[in-house]
Amino acid sequence: MSAARVPRWLRVTLPAVLIAVWLVGAAIGGPYFGRVDEVSSNDRTAYLPATAEATEVQDRLAGFTDGDAVPAVVVFVTEDDARLGEDDLAAVGDRLTAAADLAAVDGEASPPLPSEDGAAAQAFVPLSGDADLGEATAELRDTLRTGLPDGVEVYITGPAGFSSDLVSAFAGIDGLLLGVALAAVLVILIVVYRSLLLPLAVLATSMFALCLALLTVWHLARSGVLLLSGQTQGILFILVIGAATDYALLYVARFREELVRTPDRWTATWRALRGSVEPILASGGTVIAGLLCLLLSELRSNSTLGPVAAVGIVFAMLAALTLLPAILLALGRAAFWPRRPVYDPEAPAQTGTEGLWGRVSRAVRARPRTLWVTTAAVLALGCLGVTQLQASGVPQSDLVLGASEARTGQERLAEHFPAGSGSPVYVVAPEGDLREAADVLLQEDGIAQVAVTADTASGTARVTADGIEAAGPPTAAAPEPVVSDGAVLLQGTLTDAADSLAAEQTVRDLRTAYAGTVPEALVGGESATDLDTNDASIRDRTLIVPIVLVVILAILMLLLRAVLAPALLVLTTVLSFGTAMGVAALVFNDVLGFPGADPAVPLFGFVFLVALGIDYNIFLMTRVREESLAHGTREGVLRGLRLTGGIITSAGLVLAATFTALAVIPVLFLAQLAFIVAFGVLLDTFVVRSLLVPALAYDVGRTIWWPSRLGRGRP
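Residues numbered from 1 in each chain as written. Predicted model: local features only at pLDDT ≥ 70, side-chain atom pairs only at ≥ 80, totals over all residues. Heavy atoms only, no water.

> How should the overall build of the protein be read in this particular structure?
Within the protein, the secondary structure is distributed over 21 helices and 10 strands. For the C-alpha atoms alone, the extent of the protein along its principal axes is close to 105 × 50 × 50 Å. Burial analysis of the protein (715 residues in total) assigns 57% to the buried set. Once local pairs closer than 6 in sequence are excluded, the contacts in the protein between residues at least 24 apart make up 80%. Carbon and sulfur atoms form 59% of the exposed surface of the protein, whose accessible area is close to 28500 Å². Averaging the coordinates of the 46 positive side-chain charges in the protein and doing the same for the 71 negative ones gives two points 29 Å apart. (Helix = DSSP H or I, 4+ residues; strand = E, 2+ residues; numbered from the N terminus. Buried < 20%, exposed > 50% of the residue type's maximum accessible area, 1.4 Å probe, protein only. Contact = heavy atoms within 4.5 Å. Areas by Shrake-Rupley, 256 points an atom, 1.4 Å probe, with all protein chains shown as cover. Lys, Arg positive; Asp, Glu negative; His and termini not counted. Charge placed at Lys NZ, Arg CZ, Asp CG, Glu CD.)

What follows is the structure in structure tokens.
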């Protein structure tokens, strides 16, 4: 049905129905903000593949220990590192006894264990795995501090302490992150449109899309189909707001063009949709395809991000193609107040021959080869910094930026005890190989002490070169190890902090040693989880990156009906990504002083930058192809650049601003991803899409459409 034949009643009711449907959806989905923590988990072991050695050990621990408690390592020290007196230790013991009555404590706290220098004591408090670790740790801290002698300080570290830090870091996602992102987008839109009503319409489109995406993802996570973490939630928020706004900008530009050409707002809406639907669906489909490649990841933290973010992109596209057109159809030219577009059938097509993009197009026409060669050379130079990127992993203690009680507690613990106290290496070995398994641990330089889970009051017994000794007085009888499914559990206290790269190397060395002595032995624990996670991330990066490139290349070939143009566009996007990573490495190392990067950072940065960068290629080249059909390739390149330059620039600014907002969450991974994507998008917008691609396309000429008929048509 053409626009002219649409009944008047339908013109009135259709936008009202669409707006009402989105309002109802947003009203249902809105209350789910603040409830994502009900269906999310920050337990790193849950995201490892089932075949990972650390996962197998974690699954078998239940046969040796009671429940799934998360250990909190409590460190007591004096302010001036003086010795703890008998009264101090008695007070510490009383506070630990009181802590056992807390609802979140799953079992009894251990008695305080003084250090050899007498200046510190440590204890272990098991917290329920079902408890909110942020609240549980805060309650435990308050209980332990109440009534302690003056000068005695207490720190909570270990797995529970670091998990609590992460929970606290992600606490601002629903409020602070969303508020900063929306405020940044609103300011940019007001500057771009010099209007208040239109930016509000665009933001409403983004927020309604986010509400429905959140509603869908929440229920999928609740049913167990998806895994959610604070990290995934933050990326979902940013991606939906940025993508929905980008698609909205493309539609708004088309709608404004058509309002100049026709007096009828319905006709303008119809034409704008016809001109926008292909690039929006193509760009959104490309992003979705790239994200779904993450399903190939061994890590569930990566594989679940793909479908979660894909759901967000689907709703971003739907909102931009249904809700926003309905709102603008209802408002008409008033949406652009005070700069309403005036109907002028005699006005030429708005090709932007004047202004910034007119000057850029003239520069492209004058010296295209010099421009693209120089630009490519500068970008290639920036790629050299990639060699400085330290992406082999970072200690868990460095994941949270700023102050961290768990990190401080670990440092104080290492001053008086083996640094790995409280987060041991677990070794599950066949019962008959207990002696051989213990010998491997005892001979490893990275292991300070060895214990075996046994029938003792404390749950473990010491292992020495002479055999197993009771944890109590030397005269006590040697206890029997606990046996589960024909296996025993050994625990090795690390000399290095459990979250350090040195501890990971100790785990790697132990696995190598056991492969030659006790092949059935399994090594797990916190350090093993870190090691398996990093190794899986590196494998994912090697596998997924080329697949994403192939998928995106195929989509571009179908969209542009050509081979050469898509190949060149993918190459420019990869070049842009390399430059962004090279600059990021220098900034992370020499400016911000970061301790390194998670192996998943380059993978996520690649997926987002390539998929989103292709968006701008699609915005540009679909318009270039449209103009080339009417005016020839070289003139089509210049007209397409002038017509889309402002749109792409605005979209890039919006997307960069939304990803920059991730930096308000004090988590190293998100801060690094924020910089990489924001800088990469700006580089892509202002350099690659504005200079490199147009100059290259103009220089190549009609051959860029090879082997389609357009490549053999008008030059």
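> Even after reading the chapter, I still don't get the sheet that holds strand 2 (residues 113–114), so can you show me in this structure?
Sheet strands associate in pairs through backbone hydrogen bonding, adopting either a parallel or an antiparallel arrangement. Here we have 4 strands laid out as an open sheet, ordered 2-3-1-4, and antiparallel in their pairing. On the outer flanks of this sheet lie strand 2 and strand 4 (152–157), each paired with one strand and no other. Sheet analysis places strand 1 (residues 70–78) next to strand 4, joined by 6 bridges and oriented antiparallel. Across the sheet, residue Thr 78 finds its bridge partner in strand 4, namely Val 152. Sitting on the sheet, helix 3 (residues 86–99) is in contact with strand 1, strand 2, strand 3 (120–127) and strand 4, with an inclination near 5° to strand 3. Most of the contacts of helix 5 (residues 158–169) go to strand 1, to which it runs at about 95°, and overall it touches strand 1, strand 3 and strand 4. (Pairing = 2+ DSSP bridges. Axes fitted to C-alpha atoms, helices over the stretch in contact; angles between N-to-C directions.)

> How do you make sense of the pairing of strand 9 (residues 487–494) when you look at a structure like this?
Remark: a regular strand shows side chains that alternate across the two faces of the sheet. Taken across its 8 residues, strand 9 has 8 buried, putting it largely inside the fold. In this structure, strand 5 (residues 425–430) lies alongside strand 9, joined through 6 bridges in antiparallel fashion. The partner of Val 427 across the bridge, within strand 9, is Leu 490. Across 5 bridges, strand 6 (residues 447–453) lies against strand 9 in antiparallel orientation. The residue of strand 9 that forms the bridge with Ile 447 is Leu 494.

> Looking at this structure, how should I read the packing of aromatic side chains?
Each aromatic ring pair is characterised by the separation of its centres together with the angle its planes make. Taken as a whole, this structure holds 12 aromatic pairs when the rule is applied. Taking 6.1 Å as the distance between ring centres and 65° as the angle between the ring planes, the aromatic pair formed by Tyr 616 and Phe 619 counts as edge-to-face. Of this pair, Tyr 616 and Phe 619 both sit in helix 19 (residues 600–631), 3 residues apart, which is roughly one turn of that helix. Both residues of the pair, Tyr 616 and Phe 619, count as buried. Aromatic rings pair up to connect Phe 588, Phe 594, Phe 675 and Phe 679 into one cluster. (Phe/Tyr/Trp six-rings, centres within 6.5 Å; stacked < 30°, edge-to-face > 60°.)

> Explain helix 17 (residues 526–560) to me, please; I cannot follow it from the model alone.
Residues separated by three or four positions in an α-helix point in the same direction, a consequence of the helix having 3.6 residues per turn. Helix length check: helix 17 (35 residues) gives 49 Å between terminal C-alpha atoms against 51 Å at 1.5 Å per residue, within 8%. By the largest-angle criterion, Ile 544 marks the main kink of helix 17, which is about 25°, and a proline, Pro 546, follows within four residues. Taken from the residues just after helix 17, Arg 561 is the one with a positive phi, measuring 55°. (Expected span 1.5 Å × (residues − 1). Bend = angle between axes of the 7 residues up to and from the residue.)

> How should the nonpolar core be read in this particular structure?
As a rule of thumb, nonpolar side chains are buried together in soluble globular proteins. Tyr 247, Leu 291, Ile 313, Phe 604, Phe 608 and Phe 659 are the most contacted members of the largest nonpolar core, which has 160 residues in total. For this core, the element with the most residues is helix 19, which contributes 18 residues. In this view, Ile 313 contacts Leu 239, Ala 243, Tyr 247, Gly 284, Val 287, Ile 288 and Leu 291; residues no more than four positions away in its chain are not counted. In terms of nonpolar packing, the next biggest core, distinct from the first, is built from 32 residues, Ala 437, Ala 438, Val 518 and Ala 536 among them. (Core = buried A, V, L, I, M, F, W, Y, C linked by side-chain atoms within 4.5 Å.)

> How should I be thinking about the environment of Leu 227 in this particular structure?
Among the structural elements, Leu 227 can be located in the loop between helix 7 (197–222) and helix 8 (230–261). Separated by 188 residues in sequence, Leu 227 and Val 39 have C-alpha atoms that sit 7.9 Å apart.

> Quick question: what am I supposed to make of the packing of helix 15 (residues 434–443) against helix 16 (residues 501–517) here?
When two helices pack together, their arrangement is given by the angle between the helix axes and by the axis-to-axis distance. The geometry of helix 15 relative to helix 16 is characterised by a closest axis approach of 10 Å and an angle of 145° between their N-to-C directions. Here helix 15 and helix 16 pass one another in a crossing that is right-handed. For the pair helix 15 and helix 16, the contacting residues are Ala 437, Val 440 and Leu 441 in the first and Leu 510, Ala 513, Tyr 514 and Thr 517 in the second. Looking at side-chain class alone, the contact of helix 15 with helix 16 contains 6 nonpolar, 1 polar and no charged residues. (Left-handed = near helix turned anticlockwise from the far one by under 90°. Nonpolar A, V, L, I, M, F, W, Y, C, P; charged D, E, K, R; others polar.)

> Teacher, can you tell me more about a negative patch on the surface here?
Together, Asp 132, Glu 135, Glu 139 and Asp 142 make up a negatively charged patch on the protein surface. Here Asp 142 is to be found in helix 4 (residues 133–145). (Patch = residues over 30% accessible without salt bridge, like charges linked within 9 Å, V, L, I, M, F, W, Y side chains within 5 Å. Salt bridge = Lys/Arg side-chain N within 4 Å of Asp/Glu carboxyl O.)

> How should the environment of Asp 598 be read in this particular structure?
Its location among the elements puts Asp 598 in the loop between helix 18 (564–591) and helix 19. Spatially, the C-alpha atoms of Asp 598 and Ser 537 are 8.4 Å apart, while their sequence positions differ by 61 residues. In this view, Asp 598 contacts Ala 391, Gly 393, Ser 537, Phe 669 and Gln 672; residues no more than four positions away in its chain are not counted. Here Ala 600 takes part through its backbone nitrogen, which lies 2.7 Å from a polar atom of the side chain of Asp 598. (Polar contact = N/O pair within 3.5 Å; in protein donor to acceptor, adjacent residues only side chain to side chain.)

> Hey, could you run me through the pattern of salt bridges in this one?
Pairing between side chains becomes possible if they bear opposite charge and their charged atoms approach one another. Overall, the coordinates contain 20 salt bridges when judged by the stated rule. A salt bridge links Glu 53 to Arg 511; its shortest N-O distance comes to 3.5 Å. Taken together, the residues span a long stretch of sequence, with Glu 53 in helix 2 (residues 53–60) and Arg 511 in helix 16 at a distance of 458 residues. Take Glu 53: its relative accessible area is 22%, and that puts it in the partly exposed class.

> Please explain unusual backbone geometry as it appears in this structure.
Leaving glycine out, the prevailing phi sign among residues is negative, and the prevailing peptide bond configuration is trans. A cis amide bond links Trp 337 to the next residue, Pro 338, at an omega of 10°. Note on placement: Pro 338 falls in the loop between helix 11 (305–331) and helix 12 (355–366). Going from Trp 706 to Pro 707, the amide bond is cis rather than trans, its omega being 5°. Along the chain, Pro 707 turns up in the segment after helix 21 (668–700). Despite not being glycine, Asp 485 has its phi angle at roughly 55°, a positive value. Mapped onto the elements, Asp 485 comes out in the loop between strand 8 (467–469) and strand 9.

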